[in-house]
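Residues per chain, in single letters:
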Amino acid sequence: MTKNLGSEDRVVRIVVGIALAVLVYLGVLDRIAAIIAGVVAAYLIITGVLARCILYRLADIDTTVQEQPYSTTDDRAGF
């Protein structure tokens, strides 16, 4: 399976996954909520690290290619 997660998407997934894992570890959530949050956290961290998401593949979404803004020589020179 090819990579289909861009760098911004990967960072967000890893940060949210770690935040959920911390909530589970601290015991803030109840039993069922903790289990669900733990599974979601693991999924987000794994997909963020590997840069591959099965749900994105099923939906044919690829965030690795981002549109580049058009810039002219004048923009780069500061005019």
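Every chain begins its residue count from 1, and numbering advances along the sequence as written. At least 70 in pLDDT is required for a residue's local features to be given in this predicted model, at least 80 for side-chain atom pairs to be given and counted, and no such filter applies to totals for whole chains, interfaces and linings, which use all residues. Each side-chain value is derived from all of the structure's non-hydrogen atoms; neither hydrogens nor water enter the calculation.

> Tell me about the overall build of the protein, and name the residues and values.
For the purposes of this entry, the term helix denotes a DSSP run of H or I that reaches at least four residues, the term strand denotes a run of E that reaches at least two, and both are numbered from the N terminus. If you tally the helices and strands in the protein, you get four helices and zero strands. For the protein, the sequential pattern of α-helices and β-strands runs α-α-α-α. Relative accessibility decides the category of a residue: with a 1.4 Å probe and only protein chains considered, values under 20% of the type maximum give buried, values over 50% give exposed, and everything between is partly exposed. Looking at the protein as a whole, 19% of its 79 residues qualify as buried. The contact criterion used throughout is that any non-hydrogen atoms of two residues lie within 4.5 Å. Sequence separation of 24 or more characterises 78% of the internal contacts of the protein that already satisfy a separation of 6 or more. Shrake-Rupley sampling with a 1.4 Å probe provides the accessible areas, and residues are treated as covered by the protein chains on show and by no other component. When the accessible surface of the protein is summed, it comes to about 6,100 Å², and 65% of that surface belongs to carbon and sulfur atoms.

> Please provide a residue-by-residue account of the side chain of T63, values included.
Among the secondary structure elements, T63 is positioned in the loop between α3 (54–58) and α4 (73–77). One polar contact links the side chain of T63 to the main-chain amide nitrogen of G6, over a distance of 2.7 Å. Setting aside chain neighbours within four positions, we find T63 in contact with N4, L5, G6, D9 and Y56. The definition of a polar contact used here is a pair of N or O atoms within 3.5 Å, where within protein one atom must be able to donate a hydrogen and the other to accept one, and adjacent residues in sequence count solely through side-chain atom pairs.

> Help me get a handle on helix α2 (residues 31–50), residues and values and all.
Between its first and last C-alpha, α2 extends 29 Å over 20 residues, near the 28 Å set by a 1.5 Å rise per residue. Elements that come into contact with the buried residues of α2 comprise α1 (7–26). An expected span of 1.5 Å times one less than the residue number is assigned to each helix.

> Which residues make up the packing of aromatic side chains, and what values go with them?
Two rings from Phe, Tyr or Trp (for Trp, the six-membered ring) form a pair when their centres sit within 6.5 Å of each other. Planes less than 30 degrees apart are called stacked, planes more than 60 degrees apart edge-to-face, and all others tilted. Under the defined criterion, the tally for this structure stands at zero aromatic pairs. Two conditions define a charge located above a ring, namely a distance within 6 Å from the ring centre to NZ of Lys or CZ of Arg, and an angle within 35 degrees of the ring normal. Between R13 and the ring centre of Y56, over which it is positioned, the NZ or CZ distance is 4.9 Å.

> Residue-level account of unusual backbone geometry, with values.
Although it is not a glycine, A51 sits at a positive phi angle of roughly 65 degrees. Within the secondary structure layout, A51 lies in the loop between α2 and α3.

> Would you mind going over α1 in detail, with residue names and values included?
Compared with the 28 Å implied by 1.5 Å per residue over 20 residues, the 29 Å span of α1 between its first and last C-alpha is a close match. Taken as a whole, α1 has its buried residues at D9, R13 and G17. In an axial view of α1, the angular spread of the buried residues amounts to 55 degrees, which keeps them on one side of the axis. Of the exposed residues in α1, the ones pointing more than 90 degrees away from its buried face are E8, V11, V15, Y25 and L26. Among the structural elements, α2 and α3 are those in contact with the buried residues of α1. Here the arc refers to the set of directions running from the helix axis out to each C-beta atom.

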